[in-house]
Amino acid sequence: GMARMGAIAYKDPDSAEKRVEAPTQSRVARNVQLQVARSLDHDLIKGDISGAFLQGDRDPGRHLYGVPPPDVLKMLNLPSNYVMEFLKQTYGLTTAPRGFFLKVFNDLKKPGWENMELDQCTWVLRERDGSIIATCVMNVDDFIFTGNCSDIRFTKAMKKIRETFTFGEWKVNEFRQCGCDVRRD
């Protein structure tokens, strides 16, 4: 596989003062979502975001610097004393999971996804009459979306999400999620 460069979390100078918590999907939320999808005859889509933390927003007012590992310096033909600034949240920063969650929260809210108070990693997209167009659950960088793939409202919502985030994996109606095989019959 590919190597991943990241920060060493325990050396993060603000780790004790910054909010770092980020919710993750509960098993109950995922199971309720799948039951609702079954009841509404929805399709199931798994999306795995590539380099999720790098797709998050920069932590405002924060400037972090680090020394790249020797193999990165060599690959980029940089001197051994080179110092780089982290322009985005990156793997290993204690604030990265929360930063990414907040980006998802804000980016789903803009086009009308409603965040569920009982499970912060669950969203519903509704029609004006309250009927469900789509659902979404998030577990760090893995998502399950449900909706009818022949419904233009759902396909537009998925198009917008795929324009907002870069997904490495995008599977429809059969996939593995958090150790469970999921398949639409």
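Scroll up for the structure.
Residues numbered from 1 in each chain as written. Predicted model: local features only at pLDDT ≥ 70, side-chain atom pairs only at ≥ 80, totals over all residues. Heavy atoms only, no water.

Engineer: Before we go on, may I ask you to explain the pairing of strand E9 (residues 174–177) in this structure?
Structural biologist: Looking down a regular strand, the side chains alternate between one sheet face and the other. Residues Phe 175 and Gln 177 line the buried face of E9, whereas the alternating positions Glu 174 and Arg 176 sit on a face that is not buried. In terms of strand pairing, E9 meets strand E10 (residues 180–183) through four bridges, oriented antiparallel. Looking at E10, one finds that Arg 176 is bridged to Asp 181. In sequence, E9 turns back onto E10 through a hairpin of two residues, with Cys 178 there showing a positive phi of about 50°. (Buried < 20%, exposed > 50% of the residue type's maximum accessible area, 1.4 Å probe, protein only. Helix = DSSP H or I, 4+ residues; strand = E, 2+ residues; numbered from the N terminus. Pairing = 2+ DSSP bridges.)

Engineer: Sorry, what's going on with the pattern of salt bridges here?
Structural biologist: Charged atoms that come close allow side chains of opposite charge to pair. Here the structure, examined in full by the defined rule, presents 13 salt bridges. Residue Asp 151 is joined to Arg 153 by a salt bridge in which the shortest nitrogen-to-oxygen separation is 2.6 Å. According to the relative accessible area criterion, Arg 153 is partly exposed, its value standing at 37%. Salt-bridge contacts for Lys 159 lead to Glu 163; the nearest nitrogen and oxygen are separated by 2.6 Å. Taken together, the residues Lys 159 and Glu 163, both in helix H4 (residues 152–164) and four residues apart, mark about one turn of the helix. This pair shows no difference in class: Lys 159 is exposed, exactly as Glu 163 is. Each of Asp 41, Asp 43 and Arg 184 takes part in salt bridges that share partners, so that together they form one network. (Salt bridge = Lys/Arg side-chain N within 4 Å of Asp/Glu carboxyl O.)

The values are spatial; any link to function lies outside them.
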